[in-house]
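Chain by chain, the residues:
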Amino acid sequence: MTSGTSRSCLINCDDINSDGHIEIPTDDKVFADSIMGIDWKIYKSSILIHCAYSLFVKDDRYSILIPDELYKNINAQYNKESREISVLDGNNEIAFSVKPVLKASYKEENEKDYEVVFEQSGYYYLAKCYNNSNISIDIEQLKELIIIC
């Protein structure tokens, strides 16, 4: 690890976009106590090149890939009690929320506004998209954007 690849979060390098190249997570900015912005990079000709951005939820060990054109204009909040991350647009309107729920305690009737977008290791990852935001990410897109770290 060099100063260019050091990071405050223990996230493994991974092929996050299935392109056959291993991406290296590097710190970008802190959004909240439990949310870190990650700049994923690849080595090309001994130079680190930006590949993608994500929001890493430290307490729950997952990332949400954020399209480059949206990343610079978003904010994020984390509710420690519900373990829910809310991603906000530039006008502070919630675009979408994601939260992990133990499969053993999941009850669909208690989560009416949410859809299961991912499942792994005994958890469902539930998401809700809001229509009042100027960010247009829908449930189907979120299914492809969650990465377990």
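Because the structure is a prediction, the values reported are computed rather than measured.

Caption draft 1: Expanded view of the pairing of strand β8 (residues 115-120). Looking at chain direction, β8 and strand β9 (residues 123-129) are connected through 5 bridges and run antiparallel. Looking at β9, one finds that V116 is bridged to L126. Linkage of β8 to β9, two consecutive antiparallel strands, is achieved through a turn of 2 residues, within which S121 is found at a positive phi near 50 degrees.

Caption draft 2: Broad picture of the sheet that holds strand β6 (residues 84-88). Strands sit in the order β5-β6-β7-β9-β8 across an open sheet of 5 strands; the sheet is antiparallel. Edge positions in the sheet fall to β5 (75-79) and β8, since each has one partner strand and no second. When the angles between neighbouring strand axes are averaged without regard to direction, this sheet yields 20 degrees. Sheet analysis places strand β7 (residues 94-102) next to β9, joined by 7 bridges and oriented antiparallel. Following the sheet pairing, F96 is matched in β9 by C129.

The rules we used
- Residues numbered from 1 in each chain as written.
- Predicted model: local features only at pLDDT ≥ 70, side-chain atom pairs only at ≥ 80, totals over all residues.
- Heavy atoms only, no water.
- Pairing = 2+ DSSP bridges.
- Helix = DSSP H or I, 4+ residues; strand = E, 2+ residues; numbered from the N terminus.
- Axes fitted to C-alpha atoms, helices over the stretch in contact; angles between N-to-C directions.

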